[in-house]
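Results of the structural survey
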Amino acid sequence: RWHPDTLYSATEDGAYASYNGGESWERLGLSVGNVRVIAQHPKDPGTLFAGTEEFGIYATRNGGKWWDRCEAGVEHQTFYTITFDPNHPDVMYAGGYTTGVYKSMDGGRSWSRKNEGLQHLNIHGIAVDPTNSDRVYAATIWGGVYRSDNGGSLWRSAGLAGSEVWNVYIQPN
């Protein structure tokens, strides 16, 4: 069940939750610090993913009490962004410092690298087009924005080359 007063925060100390709109916070059961991003499954509010610096990606399916490291296919350790495909919630993308883009087709249980055509592998933001799941954008540090029209299999520059782009967002209709 969704709770509009539930907030999640990624911090140097770990993952935190507030269940009262930010009046108070409690640390979740993630045993590592340097959490850079928390993403909530679009259909299951108890399923969260945390991207960390140095420690990889972790998942919880019980609202943050217990976390498991997502190791299958993940070769690098620092992740700054995790994004769900809004039309297919078991399809996910993750990226970070020198990782390029990783894609999961099974709700984060296994991952594969999707970097063909990416000239810059420092990824700070990923957006999936809600009207076309094959179209994915990646914000890179010093490489501008990249676009894939086939679900991340091949990337090409979409502009702002040489720019330090921290995020990319697709405006809904």
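First, a word on what this report is: a plain description of the structure on this page. Because the structure is predicted, anything quoted here is derived from the model rather than measured. (Residues numbered from 1 in each chain as written. Predicted model: local features only at pLDDT ≥ 70, side-chain atom pairs only at ≥ 80, totals over all residues. Heavy atoms only, no water.)

**So, the environment of Met92**
- Structurally, Met92 is set in strand β9 (residues 88–96).
- By relative accessible area, which is 0% here, Met92 ends up buried.
- Counting along the chain gives 34 residues from Met92 to Tyr58, while the straight-line C-alpha distance between them is 13 Å.
- Each residue touching Met92, except ones within four places of it in the same chain, is listed here: Phe49, Ile82, Thr83, Phe84, Tyr102, Lys103, Ser104, Gly107, Gly108 and Trp111. (Helix = DSSP H or I, 4+ residues; strand = E, 2+ residues; numbered from the N terminus. Buried < 20%, exposed > 50% of the residue type's maximum accessible area, 1.4 Å probe, protein only. Contact = heavy atoms within 4.5 Å.)

**Describing the sheet that holds strand β6 (residues 57–60)**
- A sheet is described by the order of its strands in space; here four strands give the open sequence β4-β5-β6-β7, paired in antiparallel fashion. Every interior strand has two partners, whereas the edge strands, β4 (35–40) and β7 (68–70), have only one. Shown here is a sheet whose adjacent strand axes are inclined to one another by a mean of 30 degrees, direction ignored.
- Bridge count between strand β5 (residues 48–52) and β6: four bridges; the pairing is antiparallel. Across the sheet, Phe49 pairs through a bridge with Ala59, a residue of β6. (Pairing = 2+ DSSP bridges. Axes fitted to C-alpha atoms, helices over the stretch in contact; angles between N-to-C directions.)

**A few points about the packing of aromatic side chains**
- The full count for this structure, using the stated rule, is two aromatic pairs.
- Relative to Phe84, the ring of Phe49 lies with its centre 5.9 Å away and its plane at 65 degrees, an arrangement referred to as edge-to-face. One end of the pair, Phe49, is in strand β5; the other, Phe84, is in strand β8 (residues 81–85), and 35 residues separate them in sequence. Summarising the burial analysis for this pair, Phe49 and Phe84 share the class buried.
- With 5.6 Å between their ring centres and 65 degrees between their planes, Phe79 and Tyr102 make a pair best called edge-to-face. Of the two residues, Phe79 sits in the loop between β7 and β8 while Tyr102 sits in strand β10 (residues 100–104), which places them 23 residues apart along the sequence. As far as the burial class goes, Phe79 and Tyr102 line up, both buried. (Phe/Tyr/Trp six-rings, centres within 6.5 Å; stacked < 30°, edge-to-face > 60°.)

**Considering unusual backbone geometry**
- Phi at Thr98 is positive, roughly 55 degrees, even though this residue is not glycine.
- Here Thr98 lies in the loop between β9 and β10.
- A positive phi angle, near 60 degrees, is found at Leu160, a position not held by glycine.
- By relative accessible area, Leu160 is classed as exposed at 53%.

**Side note on the environment of His124**
- Along the chain, His124 falls in strand β12 (residues 123–128).
- On the accessibility criterion, His124 (16% relative accessible area) is buried.
- Sequence separation of His124 and Phe79 is 45 residues, and the distance between their C-alpha atoms is 8.3 Å.
- Residues in contact with His124, not counting those within four places in the same chain, are Tyr80, Thr81, Ala139, Ile141, Val165 and Trp166.

**Brief notes about the sheet that holds strand β2 (residues 14–18)**
- Taken together, three strands build an open sheet; the order of strands is β1-β2-β3 and the sheet is antiparallel. Only two strands of the sheet have a single neighbouring strand rather than two, namely β1 (7–11) and β3 (26–27).
- Pairing analysis gives two bridges linking β2 to β3, with the strands arranged antiparallel. By the bridge assignment for β3, Ala17 is matched with Glu26.

**Focus: the nonpolar core**
- In this structure, Phe49, Ile57, Ile82 and Trp111 are the most contacted members of the largest nonpolar core, which totals 14 residues.
- Elements with a minimum of two residues in this core: β4, β6, β8 and β9. (Core = buried A, V, L, I, M, F, W, Y, C linked by side-chain atoms within 4.5 Å.)

**Here's the deal with the pairing of β2**
- Buried residues dominate β2, accounting for four of its five residues.
- As paired elements, β1 and β2 share five bridges and run antiparallel to each other. Opposite Ala10, over in β2, you have Ala15 as the bridge partner.
- Linking two consecutive strands that pair antiparallel, namely β1 and β2, is a turn of two residues.

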